[in-house]
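# Coordinate inspection notes
Now for the letters of each chain:
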Amino acid sequence: MDQLAAISERKKAILSSLALLAILLAVWQLTTKPPIQGKAEGLPGPVAVAARAWEMISDPFYDRGPNDKGIGIQLGYSIGRLLVGYTAAAFVAICLGVMLGLSPTFYRALNPYIQILKPISPLAWMPLFLYTIKDSSRSAMMVIFMSSLWPILANTAFGVAGIKRDYLNVSALLQLSWFKRLWKVILPAAAPAIVAGLRISIGSAWVAIVAAEMLIGGTGIGYFVWNEWNNLQLTSVIFAILLTGFVGVVLDMGFGSLAKVLAYKE
Amino acid sequence: MSFLEVENVSKVFLEPNGQSLCVFKTVRLHIEKGQFVTMVGHSGCGKSTLLNIIAGLETASAGAIILDGKETDTAGLDRMVVFQNFSLLPWMSVYENIRLAVRAAYPQWDRGKVHDYVQRYVHMVGLSESEHKKPAALSGGMRQRVGLARAFAVQPKVLLLDEPFAQIDALTRGAIQDELMRMWTATKNTVFMVTHDVEEAILLSDKIALMTSGPEAELAEIVDVKFPRPRLREEITELAEYARIKKYIIQFLKNCSREMPAGDATTGLDAVAVGQQLAAEV
């Protein structure tokens, strides 16, 4: 009975979502003016955006010079930068987080610095990165690095510090080497907290990359949005905005399923 | 010289308010090789702390632990603990939990040998069908079987049992006690156990160490349990000697309990005196 009720609840939710979508699209279409003699006035409507979206999706990988690349290529640049900056941040943050979690003294010593650095907008670092690295794409990766670092670091330290004494006792009795202690006990025990941090920071990293690419220009979905705005191609801007949302959901879902795999019941 | 010597061990905790609290003092206990010794006492007498000190998981404030002629103050594979709350790693299956210990204890073995050995112990505790289950999917009794298998598989010099049956339901408890006895008979391990359960202590032990109440608890006396082995629960509980030991220990615990208005039997020394007096009576 409960299962049946749950299924019908889900059905209701899906139907409501679809109805809401239909209403939103209808309101959007009705409140925007249709193009007069091919020239749009005000915001483009959903039909115009859909037509433009279809055009871009059907040829995503064309490359006609620096200011005219397919949406797939732009997205590829953004995801590439995200992966490099994010992976580096995850590695550094997990290593450092484990050390902080295991040593209360180290944690207390570093905490003031973390507290000051954490609230800084990752984009604020951009001028310094551009000045020191002298490469706009790598500077954008560093922005991603800064935006991902803190949530992963904080969650890892929290997760490791909260590992049950019992598990560490077992590893002490078995005289596990530090490497085995890390892989077999500490990381699996803290995994749910670490993945929660990874999940938060992939979201903030994806938010930051769009802004960073608007600043650095050249390539990427952020640059694409800015460039299309300069061209007054609002249909492309709206489609690109929706697309970043979609990619964000996919990234989040990936970590959602990873969290399920690594969760454990005591 | 005994196999395991607890030499005048004391434990003092520093409380948050800066005062120091002596849990127990100058405990001196010698355990011979292959002996099963149980410590009985009220909560707060520090018996689990003493067990952790022997295991090397906590440090003594004074005194020393000497195992097989060598002083030891860190944890090691020569002393395995079976914990009250099982302490299995919840992200590993039954098989993996035992394998982690086996690989740690015998790093020179190849995969095949480790696998066969782990399976033997999984089988020994009757968990072959559940070997790929996670601890969360098992009952308390089954979890403690894994705990026993893990500890025995390492073949430690000393087995330390910290109230191993306290969290297991009464119906299963007997079966697992029998299991422990069987494994112990086969291996002739030296065992130090800590428990609240007087009947359990009499059934399993060669000697029972009685602690007075904490703080500043002391080892009051050691009761010999000389029933022949293998022991059968049904037979032993019928014996007059069993009833006598049980009554004696329970009386001892009552007399040194702080809640009881038992005259001035609140300090360690008085409790010993009361204990001796009782011994004379029975």
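Residues numbered from 1 in each chain as written. Chains lettered and ligands numbered in written order. Predicted model: local features only at pLDDT ≥ 70, side-chain atom pairs only at ≥ 80, totals over all residues. Heavy atoms only, no water.

So, about the overall build of chain A. Within chain A one finds 10 helices and zero strands. When the helices and strands of chain A are listed from N to C terminus, the series reads α-α-α-α-α-α-α-α-α-α. Its C-alpha radius of gyration of 23 Å places chain A more than 25% over the 18 Å reference for a compact globule of 266 residues. Along the first, second and third principal axes, the C-alpha atoms of chain A reach 80 × 65 × 30 Å. Out of the 266 residues belonging to chain A, those deemed buried represent 39%. Residue pairs at least 24 apart in sequence account for 68% of intrachain contacts in chain A once pairs closer than 6 positions are excluded. Of the roughly 15,500 Å² of accessible surface on chain A, 70% is carried by carbon and sulfur atoms. Across chain A, 21 positive and 13 negative side-chain charges occur, with their mean positions spaced 11 Å apart. (Helix = DSSP H or I, 4+ residues; strand = E, 2+ residues; numbered from the N terminus. Rg over C-alpha atoms; globule rule 2.2 N^0.38 Å. Buried < 20%, exposed > 50% of the residue type's maximum accessible area, 1.4 Å probe, protein only. Contact = heavy atoms within 4.5 Å. Areas by Shrake-Rupley, 256 points an atom, 1.4 Å probe, with all protein chains shown as cover. Lys, Arg positive; Asp, Glu negative; His and termini not counted. Charge placed at Lys NZ, Arg CZ, Asp CG, Glu CD.)

Attention shifts here to the interface of chain A and chain B. For interface size, the figure often reported is the accessible area lost on association. At the interface, 17 residues of chain A touch 23 residues of chain B. Taking both sides of the interface into account, the surface hidden between chain A and chain B amounts to around 1,800 Å²; carbon and sulfur atoms contribute 72%. Inspection of the region where chain A meets chain B yields zero salt bridges. At the surface where chain A touches chain B, the tally comes to three residue pairs in polar contact (both at pLDDT 80 or more). Secondary-structure elements contributing two or more residues to the side of chain A that touches chain B are helix 7 (165–173) and helix 8 (178–216) of chain A. (Buried area = accessible area lost by both parts, 1.4 Å probe. Salt bridge = Lys/Arg side-chain N within 4 Å of Asp/Glu carboxyl O. Polar contact = N/O pair within 3.5 Å; in protein donor to acceptor, adjacent residues only side chain to side chain.)

What follows deals with helix 4 (residues 104–117) of chain A. Here helix 4 of chain A is 14 residues long and its end C-alpha atoms lie 20 Å apart, about the 20 Å a rise of 1.5 Å per residue gives. Remark: the principal bend of helix 4 of chain A, roughly 40 degrees, maps to Leu110 of chain A, with a proline, Pro112 of chain A, within the next four residues. (Expected span 1.5 Å × (residues − 1). Bend = angle between axes of the 7 residues up to and from the residue.)

All names here are of chain B. Taking burial as the measure, the five residues of strand 9 (residues 207–211) include four buried ones, the bulk of the element. Where strand 3 (residues 36–40) lies against strand 9, four bridges are found, and the strand directions are parallel. Residue pairing for strand 9: Val40 is matched across the bridge by Leu210. (Pairing = 2+ DSSP bridges.)

Turning our attention to the pattern of salt bridges. Summed over the entire model, instances satisfying the criterion amount to 21 salt bridges over all chains. Ionic pairing is found between Arg52 of chain A and Glu55 of chain A, a salt bridge with its closest N-O pair at 2.9 Å. Here Arg52 of chain A pairs with Glu55 of chain A, and both are found in helix 2 (residues 46–58), just three residues apart, close to one helical turn. One salt bridge in this structure joins Arg244 of chain B and Glu241 of chain B, with 3.4 Å as the shortest N-O distance. With Arg244 of chain B and Glu241 of chain B both in helix 8 (residues 240–255) and three residues apart, the pair spans about one turn of that helix.

A few words on the side chain of Arg79 of chain B. Residue position: Arg79 of chain B is located in strand 6 (residues 79–82). Those residues in contact with Arg79 of chain B, other than ones at most four positions away along the chain, are Leu173 of chain A together with Ile54, Ala55, Gly56, Leu67, Thr72, Thr74, Pro156, Val158 and Leu160 of chain B.

A few words now on unusual backbone geometry. Residues and elements named next belong to chain B. Look at the link from Arg229 to Pro230: it is a cis peptide, with omega at -5 degrees. Mapped onto the fold, Pro230 is located in the loop between strand 10 (219–224) and helix 7 (233–236). Positive phi values are uncommon outside glycine, yet Phe86 reaches one of about 75 degrees. Structurally, Phe86 can be placed in the loop between strand 6 and helix 2 (94–105). If you check the backbone angles, Glu216 has positive phi at about 55 degrees while not being a glycine.

Residues and elements named next belong to chain B. Relative to each other, helix 4 (residues 140–153) and helix 5 (residues 170–187) sit at 10 degrees, their axes nearing to 10 Å. When the interaxial angle is binned, helix 4 and helix 5 end up roughly parallel. Only Thr172, Ala175, Ile176, Glu179, Leu180, Met183, Trp184 and Thr187 of helix 5 make contact with helix 4, whose side of the interface consists of Gly141, Arg145, Leu148, Ala149 and Phe152. Across the contact of helix 4 with helix 5, the residue classes break down as eight nonpolar, three polar and two charged. (Axes fitted to C-alpha atoms, helices over the stretch in contact; angles between N-to-C directions. Parallel < 35°, antiparallel > 145°, perpendicular 65-115°, else oblique. Nonpolar A, V, L, I, M, F, W, Y, C, P; charged D, E, K, R; others polar.)

Remember, this is a structural readout, not a statement about activity or role.
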